[in-house]
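Here is what each chain is made of, one letter per residue.
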Amino acid sequence: MQDPQERLATGRPAAIEPGVEAPRVGAQRTPADPEAPATQEPGGDAAAVGRLATTVERLRQELDQAQADAAGRAVVEMAVGVLVERLRCGPTEAARQLESLAEQAGVTTLALAADLVNQVAADQISALARDFVAGTAVRPEDPVALRLRSTEADTIAGGDAATAARSMLEHALRPLGVAAVAVWAAHPDLSLSLAGSAGFQPEEARRWRHVPPGVPTPARRALDERAAVGYHTLAEASLPSIGQHEIRGGRLAVPAGVGGRLIGVLEICWREALPEQSQPLQRQFEALAEVAAATLESWDSRQYAVADPADAQFDELRQLTDGLLDPCLVLRVAPEDTELPLKFVIRHVNPSFVDFAGRPTAAIVGTRLLEAYPLAAEPGGLAEKVEHVFATGEPFRAQGMRLAALVDGVPLSARAQVSISRHGIHLVVVWRLDDGTPRVARLLQHAQRLGRIGGFEENLKTRQIVWNDTLFELHGLPPTAQPIALDQLAEHAHPDDRHTIGRFLRTLLYHRRPASTAFRLQRPDGVTRHIRVVAEPVRDPDSGLRIVRGAYQDISAQHWTEVALAATRDQLAQSEQQAAERSRLALQLQHAIMPPARGPLDLHDLRVAVRYRPAEKDHLVGGDWYDALALPTGDVLLCVGDVAGHGIEAATGMVALRNALRGLAATGAGPAQLLSWLNSVTHHLTDNVTATAVCGLYEPATRRLRWARAGHPPPVLVREGRAMTLPQVGGILLGALDQAEYEEHDFVLQAGDTLVMYTDGLIERRDESLQASLTNLMTLAERAHHQSATSADGLEGHLDHLLQYSSADTDDDTCLVGVAVR
């Protein structure tokens, strides 16, 4: 069988089998619709919604297939045209030959058609196809040349940039992981227009339909560098562009040109980071840029067939003003303005322009003249001169014109040489600031505004005084008022400050040394301001005093801040003194009732020792208390308590509860009843006091100890070298409720027993539970018992050991009572 390529080369047509109908150009076989009419099933709305979703999905697939078929038909039609020219036959015969050759070669008609077009074409797509065919990375089911040629054919059929963008994304770029594509048209004024896009929301495309000059987008960078520009991610590049909030991944901008002239940019967008740009990928993107350029050339000619003469004139003015070294503005009458007075729009500023009020250029361009400089409307101001030049055409020049602006409510001004000239419908305004370069002037204006500083210079011989505008404002005077001379300053100051000003003037004018002082300025509007003045003398060549220059600064805010700070310091010192006095009184009261250390006490067959350890900080004087005394009934009262809080309130509460318990114990009631009565005393007779306590009554005849507790840790008993806690009897803390009942427990002590009663300052730790702290205390008590048994200190050594090696970390005061049975 003759090879299909050979037949194309020789121009001989292939044989057509009899009875076979010649295919139509671009005809495609489509499978039969597999869907049958659905029957009504039970399920109601859910079934209907499911069928509707299936129908929508099928229609979407059919639409996608139709779009693909349209692009394929265009490629097939180009291939048929190639066969018509080579075989010298009609279109129908050429279509039959194409079908026959595809069957014999074992490829699809569309693939063979793309191959034929690439053979006769001499563009980047055909060259790219040859490179991919020669390589080993070609996927037969996804030929690159076919995708690119389909894109080109679809673009030619559509004829606009929007179709080109959609075709590029669907046929050529979607398989490469691209999420969206934009085709930009470039204009002579360095602006950009969105000619077509795909993959973006319609609102986003409308928002970016025009990009003004000077916006540093990726497309603008590609045009400036005349080469493809890639960014790993748009977020890292920090450049504005279409889809910057939704598609923040990689960006590639490829210039699109025709005949060496760049007319636009193809911008390709990924959701992920920019993939590695291999040479084959770069050539694909360049080929797509050529396709985009073909649509942009026709799109550009349609959009800008009629040029505005004013735009051409503006381009010339822009190029002229950009070459000037002085700041320059280009103004034009607002297009919608038809009434007098005319309103002018700032259309352009040159690179040398620096706003004397310190605002960025972007805040000036595009605004109206009186919006950017509202103070220019003053009589004889810039706006009046601009209107005069526009109306008469006569140029205007001034050597010392005042320019004014209002920034954050603060008027700023500068003196400048100003030139205004008319060029058609445009006006060119050039100014040169007299007080230094524009950047220095901007910094000085900001420094004066922020620091509320006004400068002055006074010639003592000619009596000429120069003030800047800020100084007139500080003194409450209009700009046309006569400045105040130094020798008249005392007349405008508070009477109590005139002596201070006199010393300042003597140092400055008589001793001729720099001087400074602060005084209260009484302004004509009745406002008093605190002012600091600093000045220096300027000598003549003959050492005579000729000029004094200096500055005034409004320090009213600083003065009142210092006054408020001094008052706060005084109040704080008074509060600290009162707090120290209260702590001292609380400590004295506590020590008077319970000395930190006292000797052992013998009560019948008991030996009682006490230790009290105050908190490390004086202001943390607490309400820990203890008591041990023989009652008239013959029993011994043993108790330990802890009033909540610190300071004088806790100390007075401690005294009240300790004395109340002593009085109640004389009644002969048991420990549970005593705590119940003490709870009522705490609740009713004290001011919001709560406390914990352990109360015990010891009967010497039987050695029986009855005890109860109110929310307090249980005592620890050391017997025969082993430590244990007494049973946890129930009982709420004192003062929490009006009426409370407490459980009572009793046990018999033996000779050699040691009972330890304590407050929570001995065991509490922030990093462990109460049970863990009690376990540590029993271990420590056993060790202390063994050590005290071999020393002469006995019970007191036992208590000292507990205090020294306690692991508590709350810096609370601690009360410790030890009872040894003899």
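Predicted model only: the values in this text are computed from it and were never measured.

Cut-offs applied
Residues numbered from 1 in each chain as written. Predicted model: local features only at pLDDT ≥ 70, side-chain atom pairs only at ≥ 80, totals over all residues. Heavy atoms only, no water. Axes fitted to C-alpha atoms, helices over the stretch in contact; angles between N-to-C directions. Helix = DSSP H or I, 4+ residues; strand = E, 2+ residues; numbered from the N terminus. Parallel < 35°, antiparallel > 145°, perpendicular 65-115°, else oblique. Left-handed = near helix turned anticlockwise from the far one by under 90°. Contact = heavy atoms within 4.5 Å. Nonpolar A, V, L, I, M, F, W, Y, C, P; charged D, E, K, R; others polar. Polar contact = N/O pair within 3.5 Å; in protein donor to acceptor, adjacent residues only side chain to side chain. Buried < 20%, exposed > 50% of the residue type's maximum accessible area, 1.4 Å probe, protein only. Pairing = 2+ DSSP bridges. Salt bridge = Lys/Arg side-chain N within 4 Å of Asp/Glu carboxyl O. pLDDT = per-residue confidence, 0-100.

1. So, the packing of helix α21 (residues 770–789) against helix α22 (residues 795–804)
So, point 1. Contact geometry of α21 with α22 gives a least axis separation of 9 Å together with a crossing angle of 140°. Taken together, the axis directions place α21 and α22 in an arrangement best described as oblique. At the point where α21 passes α22, the crossing takes the right-handed sense. Across the interface between the two elements, L777, L780, A781, R783, A784, H785, Q787 and S788 of α21 pack against H798, H801 and L802 of α22.
So, point 2. Taken together, the residues that form the contact of α21 with α22 break down as 5 nonpolar, 5 polar and 1 charged.

2. Let's talk about the side chain of S806
So, point 1. Here S806 is to be found in the loop between α22 and β27 (814–821).
So, point 2. Separated by 2.5 Å, the side chain of S806 and the backbone oxygen of L762 make a polar contact.
So, point 3. A polar contact of 3.3 Å, which involves the side chain of S806, links it to the backbone nitrogen of A808.
So, point 4. Not counting chain neighbours up to four residues away, the residues in contact with S806 comprise R613, L762 and L780.

3. Focus: the pairing of strand β7 (residues 328–333)
So, point 1. Among the 6 residues in β7, 5 count as buried, and that is most of the element.
So, point 2. Pairing of β7 with strand β11 (residues 426–433) involves 5 bridges; the strand directions are antiparallel. Within β11, the residue paired with L329 across the bridge is V429.
So, point 3. Looking at chain direction, β7 and strand β8 (residues 344–349) are connected through 5 bridges and run antiparallel. By the bridge assignment for β8, L329 is matched with V349.

4. Considering the pattern of salt bridges
One side chain can pair with another of opposite charge once the charged atoms of both are near each other.
So, point 1. Tallying each qualifying case throughout the model produces 29 salt bridges.
So, point 2. The closest approach of N and O atoms between D224 and R220, which form a salt bridge, is 3.3 Å. Taken together, the residues span about one helical turn, with D224 and R220 both in helix α9 (residues 218–225) at a distance of 4 residues.
So, point 3. Owing to a relative accessible area of 12%, R220 belongs among the buried residues under this scheme.

5. Remarks on the sheet that holds strand β14 (residues 515–522)
So, point 1. With antiparallel pairing, 5 strands are arranged side by side in an open sheet as β13-β12-β16-β15-β14. In this open sheet, the two edge strands, each paired with only one partner strand, are β13 (465–467) and β14. Within this sheet the neighbouring strands show an average axis-to-axis angle of 25°, counted without direction.
So, point 2. The strands touched by helix α17 (residues 498–510) are β14, β15 (528–539) and β16 (545–554); relative to β14, the strand with the most contacts, the crossing angle is about 145°.

6. Quick word on the confidence of the model for the chain
Any region with low pLDDT has predicted coordinates that should not be read closely.
So, point 1. Summing up the model confidence of the chain, the mean pLDDT is 78 and the portion of residues at 70 or higher is 77%.
So, point 2. The model gives residues 1–50 a pLDDT under 50, and that stretch makes 51 contacts with residues more than four places away or in other chains.
So, point 3. The low-confidence segment residues 124–142, where pLDDT is below 50, has 30 contacts with residues more than four positions distant or belonging to other chains.

7. As for the side chain of S241
So, point 1. Along the chain, S241 turns up in the loop between α10 (234–237) and β5 (251–258).
So, point 2. Taking the relative accessible area as the measure of exposure, S241 reaches 1% and is therefore buried.
So, point 3. Of the polar contacts made by the side chain of S241, one reaches the side chain of E267; its length is 2.7 Å.
So, point 4. For S241, the residues in contact, after removing those within four places along its chain, are E204, W208, P218, L234, R251 and E267.

8. Structural notes on the sheet that holds strand β20 (residues 636–646)
So, point 1. The antiparallel open sheet is built from 5 strands, whose spatial order is β19-β20-β21-β22-β25. In the strand order of this sheet, the two ends are held by β19 (622–630) and β25 (745–748), each with one partner. Across this sheet, the average inter-strand angle for adjacent strands is 15°, counted without regard to direction.
So, point 2. Taken together, the 4 bridges between strand β22 (residues 704–710) and β25 define a ladder with antiparallel strand orientation. Within β25, the residue paired with W707 across the bridge is H745.
So, point 3. Docked against the sheet, helix α19 (residues 648–665) engages β19, β20 and β21 (691–699), running at close to 20° with respect to β19.

9. A short note on the pairing of β21
So, point 1. Burial within β21 is extensive, with 9 of its 9 residues counted as buried.
So, point 2. Neither face of β21 is left uncovered, since the one carrying A691, A693, C695, L697 and E699 and the one carrying T692, V694, G696 and Y698 both have all their residues buried.
So, point 3. Across 8 bridges, β20 lies against β21 in antiparallel orientation. The residue of β21 that forms the bridge with L638 is G696.
So, point 4. Where β21 and β22 come together, 7 bridges link them in antiparallel fashion. Bridge pairing in β22 places E699 opposite R704.
So, point 5. What sits between β21 and β22 in their antiparallel hairpin is a turn of 4 residues, with R703 showing a positive phi close to 55°.

10. Looking at the environment of L638
So, point 1. In this fold, L638 is placed in strand β20.
So, point 2. Separated by 60 residues in sequence, L638 and Y698 have C-alpha atoms that sit 7.7 Å apart.
So, point 3. With residues up to four places along the chain from it excluded, the contact list for L638 reads L606, V608, D627, A628, V694, C695, G696, M757 and V819.

11. Comments concerning unusual backbone geometry
So, point 1. Phi angles above zero are rare outside glycine, and R463 is one such case at about 60°.
So, point 2. One can find R463 in the loop between β12 (453–459) and β13.
So, point 3. A positive phi is found at H604, a non-glycine position, where the angle reads about 55°.

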